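One letter stands for each residue in the lines below.
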Amino acid sequence: MPESDQIGDRRNTTTLSSTECSPGQDFGNDPLEVRATDHYTAEYVTSFVEKWDELIDWKRRYESEGSFFIDQLRSRGVRKVLDVATGTGFHSVRLLEEGFETVSADGSPQMLAKAFANGLSHGGHILRVVHADWRWLNRDVHGEYDAIVCLGNSFTHLFSERDRRKALAEFYAMLKHDGVLILDQRNYDAILDDGFASKHTFYYCGEDVSAEPEHVDEGLARFRYRFSDGSEYHLNMFPLRKDYVRRLMREVGFQKVDTYGDFQQTYADDRPDFYIHVAEKH
Ligand code: SAM
């Protein structure tokens, strides 16, 4: 089980050759050594954020995602939602459009700036943005919420078990007594267990952006993102195993954790690309 607090296990590693072209991103001399929770703010550089949003068609993303999250929230009578991984605002805007009272938090100021602008340009929504790192969420975000969403494979940015437990405990504390946490993750089990035999390029909304694992070991999943103009960026993430995340959620206090597989993928494959955990507090 990948639970190290330091550099991950680099045995059984698989690495693809890389052109190492990540404009504006700084991974130092050995990108494979970059395994730190704090590094996420340096990875989401403005040019990466802008490029991503230029090419991803929000309408198509709405369609491919369907109403899964909205249905989960409505079926529990949720009214007040905290989006802790706002990113460029896709889910926050969706939640506002669906009538949920929404607060949008993120640890990256670049992301929040983009999200605020996107709120205005997608329906004139004024997002309530809060700059906050999950590890100190209760310090910076106030109030109690019926639901917290942490979507788009965001939890993967935490590199130590201590940070994961701390973040989950902060989420737990901000929920009402019967609140729900919805958190998704990439299916890293498939990548770790089958290595590059199962290596598969993930296409977002057509073929404009592709994501490919460039290096994977039990402590690091380094992905390369390629855009149609030839530019490339990278993200270093921690490869979360599904059952490990479920266990952590239960240990932090969530009483019931249901995990769904997302079968709406562009590849013919019998395994889901993403898992969605729905964790209830009572
Ligand atoms: N949810 C959005 C989406 O689906 O488009 C954004 C997903 S993006 C992959 C991950 C987001 O999580 C980034 O905006 C990043 O800044 C944020 N994030 C990562 N680690 C964080 C932390 N420790 N505290 C707060 N935000 C964090």
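The paragraphs below set out a description of the structure included in this document. Just so it is clear, the structure is predicted and the values come from calculations on it, not from any experiment. (Residues numbered from 1 in each chain as written. Predicted model: local features only at pLDDT ≥ 70, side-chain atom pairs only at ≥ 80, totals over all residues. Heavy atoms only, no water.)

### Looking at the nonpolar core
Here is the rule: As used in this record, nonpolar core signifies buried Ala, Val, Leu, Ile, Met, Phe, Trp, Tyr and Cys residues forming a set joined through side-chain atoms within 4.5 Å. Burial classes: relative accessible area under 20% of the type maximum marks a residue as buried, over 50% as exposed, and values in between as partly exposed (1.4 Å probe, protein chains only). In what follows, residue pairs with any heavy atoms lying within 4.5 Å of each other are defined as contacts.
Counting 59 residues, the largest nonpolar core has Leu82, Phe155, Phe171 and Leu181 as the members making the most contacts within it. When sequence neighbours within four positions are dropped, the list of residues in contact with Leu181 reads Ile148, Leu168, Phe171, Leu175, Met249, Phe254, His277, Val278 and Ala279. With 14 residues, the next largest nonpolar core counts Phe69, Leu73, Val149 and Leu151 among its residues.

### Thoughts on the site of the ligand
We apply this condition: Here a residue is near a molecule or strand as soon as one of its heavy atoms is found within 4 Å of it. N or O atoms within 3.5 Å of each other form a polar contact, as long as, within protein, one can give a hydrogen and the other can take it, and as long as residues adjacent in sequence are counted only when both atoms are side-chain atoms. The Shrake-Rupley method, run with a 1.4 Å probe, gives the accessible areas here. Residue values count only the displayed protein chains as cover. Three residue categories are used. Nonpolar comprises Ala, Val, Leu, Ile, Met, Phe, Trp, Tyr, Cys and Pro, charged comprises Asp, Glu, Lys and Arg, and polar comprises the others, including Gly.
The environment of the ligand is formed by 19 residues, the closest being Tyr44, Arg61, Ala85, Asp106 and Leu151. In the model, a nitrogen atom of the ligand is placed 3.0 Å from a nitrogen or oxygen of the Trp134 main chain. Coverage of the ligand by the protein amounts to 93% of the 600 Å² it exposes when considered alone. For the shell around the ligand, the per-class residue count stands at 8 nonpolar, 8 polar and 3 charged.

### A short note on the sheet that holds strand 4 (residues 128-131)
The strands making up a sheet associate through hydrogen bonds between their backbones, and the pairing can be parallel or antiparallel. The cut-off we apply is this: Pairing between strands requires that DSSP locate at least two bridges from one strand to the other. The helix count covers DSSP runs of H or I at least four residues long, the strand count covers runs of E at least two residues long, and both are numbered beginning at the N terminus. Axis lines are fitted through C-alpha atoms, for helices just across the contact stretch, and the angle between N-to-C directions can take any value from 0 to 180 degrees.
Across the sheet, 7 strands lie side by side as 4-3-2-5-6-12-11; this open sheet has mixed pairing. With partners counted over all chains shown, the strands left at the sheet margins are strand 4 and strand 11 (256-262), one partner each. On average, each strand axis in the sheet is tilted by 20° relative to the strand beside it, whichever way the strands run. Summarising the sheet, strand 3 (residues 101-106) and strand 4 pair through 4 bridges and their orientation is parallel. Looking at the pairing, Asp106 lines up with His131 of strand 4.

Interpretation in functional terms is not warranted from these geometric data alone.
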